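Spelled out, the chains give:
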Amino acid sequence: MRLVILDNYDLASEWAAKYICNRIIQFKPGQDRYFTLGLPTGSTPLGCYKKLIEYHKNGDLSFKYVKTFNMDEYVGLPRNHPESYHSYMWNNFFKHIDIDPNNAHILDGNATDLQAECDAFEKKIKEAGGIDLFVGGIGPDGHIAFNEPGSSLVSRTRLKTLAMDTILANAKYFDGDLSKVPTMALTVGVGTVMDAREVMILITGAHKAFALYKAIEEGVNHMWTVSAFQQHPRTIFVCDEDATLELRVKTVKYFKVISTLNMGLEFTNLQKWHAFLTSQQGDPGLHYTSKKGT
Ligand code: PGA
């Protein structure tokens, strides 16, 4: 498990975007070799999506050979509703990049047979060869995707009733009117995300500090479903300083040192690593220089 701590939201978003960008480029995707990316919605990933769009517009990153699978979608909300996750993904990401819409998979919360829709989604992930990198966000109650407290840690894609905490948190998107907030969603399971080859979880803001503490300093607990990722062989928690407020100083110091050391592992050429260290001291983000030099 890695915990990468950045000074603020913008730097955390940029670090996450650089990491995704580097992973896709290193993979060398092509016609017979698609990179498969799991994606979240919510306010947290917006900064990361903005940066990825910037890298695409700079000519550094293409999504032509990328397949995406979104974590969740509300049930019963029309697909073209401004708050549906279809609308969110299109407006905040897909319409700005070169992904083939046929390769961008989002659960259909209006399917006549919701369980069949969930089963088909799992099948599509399998057919795509599994997910290379699943990017996720969490709620203040420690949910990952819509795996609310009490969800099975081996769960698969299914219909979930949203917890009251989630409904209250989402009310801001529905004019603060609780009666307008969907109460059910289709969501990938904890097990679905655990199957990904790598998982990156974005956690920012003081309101997520207790959840981050539960996620990494306490044991695996189905009441804080994100804690399951302690048991994933390749999980990176990317957070800002505010999200670390409930962690022990010892934990924060340890992971900050590890972050600096890990930076070196991204480089195979020691001279380049040294040049990077001297030019970007203190920046634990991965190296990224745009072709346009920005
Ligand atoms: P947020 O939502 O990014 O808007 O905080 C995340 C979530 O509830 O999973």
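Since we're looking at a predicted model, the values are computed, not measured. (Residues numbered from 1 in each chain as written. Predicted model: local features only at pLDDT ≥ 70, side-chain atom pairs only at ≥ 80, totals over all residues. Heavy atoms only, no water.)

Considerations on the site of the ligand
So, step 1. Around the ligand, the neighbouring residues are Gly42, Ser43, Thr44, Ile138, Gly139, His143, Tyr173 and Lys208.
So, step 2. The side chain of Thr44 places a nitrogen or oxygen atom 2.5 Å from an oxygen atom of the ligand.
So, step 3. Contact distances for the ligand include 2.8 Å between an oxygen atom and a side-chain N or O atom of His143.
So, step 4. The protein chains hide 81% of the 280 Å² of surface that the ligand would expose on its own.
So, step 5. Tallied by class, residues from the shell around the ligand come to two nonpolar, five polar and one charged. (Near = heavy atom within 4 Å. Polar contact = N/O pair within 3.5 Å; in protein donor to acceptor, adjacent residues only side chain to side chain. Areas by Shrake-Rupley, 256 points an atom, 1.4 Å probe, with all protein chains shown as cover. Nonpolar A, V, L, I, M, F, W, Y, C, P; charged D, E, K, R; others polar.)

Describing unusual backbone geometry
So, step 1. The backbone of Ala145 shows a phi angle near 50°, a positive value even though the residue is not glycine.
So, step 2. Assignment of secondary structure puts Ala145 in the loop between strand 6 (133-137) and strand 7 (158-161).
So, step 3. Classification of Ala145 by relative accessible area gives buried; the value is 5%.
So, step 4. The phi dihedral of Asp175 falls on the positive side, at around 55°, and the residue is not glycine.
So, step 5. Mapped onto the elements of the fold, Asp175 is located in the loop between helix 5 (164-170) and strand 8 (184-187). (Helix = DSSP H or I, 4+ residues; strand = E, 2+ residues; numbered from the N terminus. Buried < 20%, exposed > 50% of the residue type's maximum accessible area, 1.4 Å probe, protein only.)

Examining the sheet that holds strand 4 (residues 72-74)
So, step 1. On the basis of which strands lie adjacent, the open sheet formed by three strands has the order 4-8-7 and antiparallel pairing. Where the open sheet ends on each side, the last strands, each with one partner, are strand 4 and strand 7. On average, adjacent strands in this sheet sit at an angle of 30° to one another, irrespective of strand direction.
So, step 2. Judged from the four bridges that link them, strand 7 and strand 8 form a sheet pairing that is antiparallel. By the bridge assignment for strand 8, Arg158 is matched with Thr187.
So, step 3. Here helix 4 (residues 114-127) sits on the sheet and contacts strand 7 and strand 8; the angle it forms with strand 7, its principal contact strand, is near 120°. (Pairing = 2+ DSSP bridges. Axes fitted to C-alpha atoms, helices over the stretch in contact; angles between N-to-C directions. Contact = heavy atoms within 4.5 Å.)

Digging into the nonpolar core
So, step 1. One finds Ile20, Leu52, Phe63, Phe93, Phe94 and Met200 to be the most contacted residues of the largest nonpolar core, which totals 46 residues.
So, step 2. Going through the elements one at a time, strand 1 (2-6), helix 1 (9-27), strand 2 (35-39), helix 2 (46-57), helix 3 (85-92), strand 6, strand 9 (199-203) and strand 10 (235-240) are the ones with two or more residues in this core.
So, step 3. The leading source of residues in this core is helix 1, at nine residues.
So, step 4. The residues touching Phe94, leaving out its near neighbours within four places in the chain, are Leu39, Thr68, Asn70, Met89, Ile99, Ala104 and Ile106. (Core = buried A, V, L, I, M, F, W, Y, C linked by side-chain atoms within 4.5 Å.)

Overview of the sheet that holds strand 10
So, step 1. Taken in spatial order, the seven strands of this open sheet run 1-10-9-6-2-3-5, and their pairing is parallel. Of all strands in the sheet, those with a lone pairing partner are strand 1 and strand 5 (104-105), marking the two edges.
So, step 2. Here four bridges tie strand 6 to strand 9, and the two strands are oriented parallel to one another. Paired with Val135 across the bridge in strand 9 is Met200.

Structural notes on the environment of Thr44
So, step 1. The topology assignment puts Thr44 in the loop between strand 2 and helix 2.
So, step 2. On the basis of relative accessibility, which here comes to 11%, the residue Thr44 falls in the buried class.
So, step 3. Residues Thr44 and Gly139, 95 residues apart in the sequence, show an inter-C-alpha distance of 9.9 Å.
So, step 4. Polar contacts involving the side chain of Thr44 include one to the side chain of Lys208, which spans 3.5 Å.

So, the pattern of salt bridges
So, step 1. By the definition in use, this model includes twelve salt bridges.
So, step 2. For Glu198, the salt bridge goes to Arg23, with nearest N and O atoms at 2.7 Å. Of the two residues, Glu198 sits in the loop between helix 6 (190-194) and strand 9 while Arg23 sits in helix 1, which places them 175 residues apart along the sequence. In terms of burial, Glu198 and Arg23 fall into one category: buried.
So, step 3. In this structure, a network of salt bridges that share partners links the residues Arg23, Glu198 and Arg234. (Salt bridge = Lys/Arg side-chain N within 4 Å of Asp/Glu carboxyl O.)

Structural notes on the pairing of strand 8
So, step 1. Here strand 4 runs beside strand 8; their pairing, made up of three bridges, is antiparallel. Bridge assignment links Glu73 to a residue of strand 8, and that residue is Leu186.

Side note on the packing of aromatic side chains
So, step 1. The full count for this structure, using the stated rule, is 16 aromatic pairs.
So, step 2. Seen in terms of ring centroids, Tyr74 and Phe174 are 5.9 Å apart; in terms of plane orientation they differ by 80°. Their pairing is edge-to-face. Taken as a pair, Tyr74 in strand 4 and Phe174 in the loop between helix 5 and strand 8 lie far apart in primary sequence, 100 residues in all. Per residue, the accessibility class of Tyr74 equals that of Phe174, and both read buried.
So, step 3. An aromatic cluster of three or more residues is present, and its members are Tyr49, Phe63, Tyr74, Tyr85, Tyr88, Phe93, Phe94, Phe146 and Phe174.
So, step 4. Its guanidinium or amino end placed over the ring of Phe27, Arg33 lies 3.9 Å from that ring's centre, counting from NZ or CZ. (Phe/Tyr/Trp six-rings, centres within 6.5 Å; stacked < 30°, edge-to-face > 60°. Lys NZ or Arg CZ within 6 Å of the ring centre and 35° of its normal.)

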